[in-house]
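Summary of the model geometry
So the chains spell out like this:
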Amino acid sequence: MKLNGEWVRSVARTEAGIRILDQRKLPWSVEWIELRTADDAFRAIREMWTRGAPLIGAVAAYGLAMALRDDPLSLDQAHAQLNQARPTAVNLRWALDQVREAVRNLPLSERAEAAFAKADSICDEDVALNRAIGEHGLKLLEDLYARNPDRPLNILTHCNPGWLATVDYGTATAPIYLAHERGMKLHVWVDETRPRNQGALLTAFELDGHGIPHSVIADNVGGLLMQRGQVDLVIVGTDRVTANGDVCNKIGTYLKALAARDNGVPFYVALPYTTIDRHLASGADVPIEERDGDELAWLSGPTGTGEPATIRVTGSPAYNPAFDVTPARLVTGYITERGVIDLI
Ligand code: MRU
């Protein structure tokens, strides 16, 4: 998508490895960092220099390729290590499995090249999947817009399910980008998404870069907006959808789904097949990442004069689960590369 007017993907090959955007610095500073080893990839995922379910899968796939370049015997050990970088998004394991399957029967001398080629194809496929999600979601937006063409369509989203969370286009944002490109009047309510503020920092940055009207709202505002008829639909991404259709996504998603149901607002989940985990029966089985309480207790950003600053927002111990589960019964539909469906 567009970054300072230039079309880029959020991960790309370099001579020594791959480059990613340092998402800890956005939107205040746009910096690419190069990852040269599997350890670099592991650290970038775990410490969230890069993030978002499909994107961490793509970066892990390259991480495994870099491990094989440096030691062709390291397949299982590097797979196991990278798979532990973060627990919740199933795309991570999916992508690592894809690379392992592609190389496991090859001679050692051919493994690295084949692994890089597989990682490249995972990236290309992610772009195509998101584009297809966008086309199917676009029809949905057009239908809703047609009911009230005199005013912008109001979409609420949570966290960052955008091009920064994928290789390109995003999942929940793909229909929004396509609708905007085709001239639809729309406005996006962007949940701030505490504690890491992926909405306020990343989704708003993306939408701004594409000139899409949006407003950042505190995480608790959505319910009021829905009661007032100011939200036409909610679209979120997801890190794992289980066999029964339960949706694990960024903490706070469930409360939006409850408010949407209470107010008759459609609640859609956008996802590629790479995010479905048919091995788990329900959302109760999904491992929910618990991150350091400091993410909640401290806030960082520039002061009014641009100096970097970090301040405390609480002195108490903080508890910080990073994801929650929205039961399938609260989901109006799933926007997938195959179309908009009711059941997974
Ligand atoms: O902790 P994060 O920032 O990696 O969480 C990301 C999300 O929860 C996204 O909504 C999810 O990955 C789906 S986006 C394609």
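Scroll up for the structure.
Heads up: these notes are all about the structure in this document. Computed from a predicted model, the values in this text were never measured in an experiment.

1. Notes on the site of the ligand
The full set close to the ligand counts 19 residues, and Arg51, Arg86, Gln198, Asn249 and Lys250 are the nearest of them. Taking Asn249, its side chain carries an N or O atom lying 2.8 Å from an oxygen atom of the ligand. Burial of the ligand by the protein amounts to 100% of the accessible area it has alone, namely 410 Å². Of all the cavities here, the one that holds the ligand is the largest cavity. Broken down by class, the residue content of the shell around the ligand amounts to 7 nonpolar, 8 polar and 4 charged.

2. Points about the side chain of Asp246
Residue position: Asp246 is located in the loop between β10 (240-242) and β11 (247-250). The charged side chain of Asp246 is buried without a salt bridge, its nearest counter-charge being Arg329 at 7.5 Å. Within the structure, the side chain of Asp246 is placed 2.9 Å from the backbone nitrogen of Gly283, a separation counted as a polar contact. With residues near it in sequence (within four places) discarded, Asp246 still touches Arg240, Val241, Ser282, Gly283, Val325, Thr326, Pro327 and Ala328.

3. Remarks on the environment of Val30
Its place among the elements puts Val30 in the loop between β4 (18-21) and β5 (32-35). Judged by its relative accessible area of 33%, Val30 is partly exposed. Here the alpha-carbon distance between Val30 and Leu201, two residues 171 residues apart in the chain, equals 12 Å.

4. Comments concerning the layout of surface pockets
The space that makes up the largest pocket amounts to roughly 600 Å³. Forming the walls of the largest pocket are 23 residues, and the residues nearest its centre are Arg24, Arg196, Leu201, Leu299 and Ser300. Within the residue set of the lining of the largest pocket, elements represented by two or more residues are α7 (198-209), α10 (294-297), β14 (298-302) and β15 (308-312). The greatest single-element share of the lining of the largest pocket, amounting to 5 residues, is contributed by β14. Taken together, the residues of the lining of the largest pocket sort by class into 11 nonpolar, 7 polar and 5 charged. Taken as a whole, the second largest pocket holds about 180 Å³ of empty space. Going through the elements one at a time, α8 (222-227) and α9 (253-262) are the ones with two or more residues in the lining of the second largest pocket. Sort the elements by how many residues they give to the lining of the second largest pocket and α9 lands first, with 3 residues. Residues that form the lining of the second largest pocket fall into these classes: 3 nonpolar, 5 polar and 3 charged.

Thresholds applied
- Residues numbered from 1 in each chain as written.
- Predicted model: local features only at pLDDT ≥ 70, side-chain atom pairs only at ≥ 80, totals over all residues.
- Heavy atoms only, no water.
- Near = heavy atom within 4 Å.
- Polar contact = N/O pair within 3.5 Å; in protein donor to acceptor, adjacent residues only side chain to side chain.
- Areas by Shrake-Rupley, 256 points an atom, 1.4 Å probe, with all protein chains shown as cover.
- 1 Å grid on protein atoms, 1.4 Å probe; cavity = no way out; pocket = protein on both sides within 12 Å on 5 of 7 lines; lining within 4 Å.
- Sits in = over half its atoms within 2 Å of the grid points.
- Nonpolar A, V, L, I, M, F, W, Y, C, P; charged D, E, K, R; others polar.
- Helix = DSSP H or I, 4+ residues; strand = E, 2+ residues; numbered from the N terminus.
- Buried < 20%, exposed > 50% of the residue type's maximum accessible area, 1.4 Å probe, protein only.
- Lys, Arg positive; Asp, Glu negative; His and termini not counted.
- Salt bridge = Lys/Arg side-chain N within 4 Å of Asp/Glu carboxyl O.
- Contact = heavy atoms within 4.5 Å.
- Points joined across faces, edges and corners; volume = space filled by probe spheres on them.

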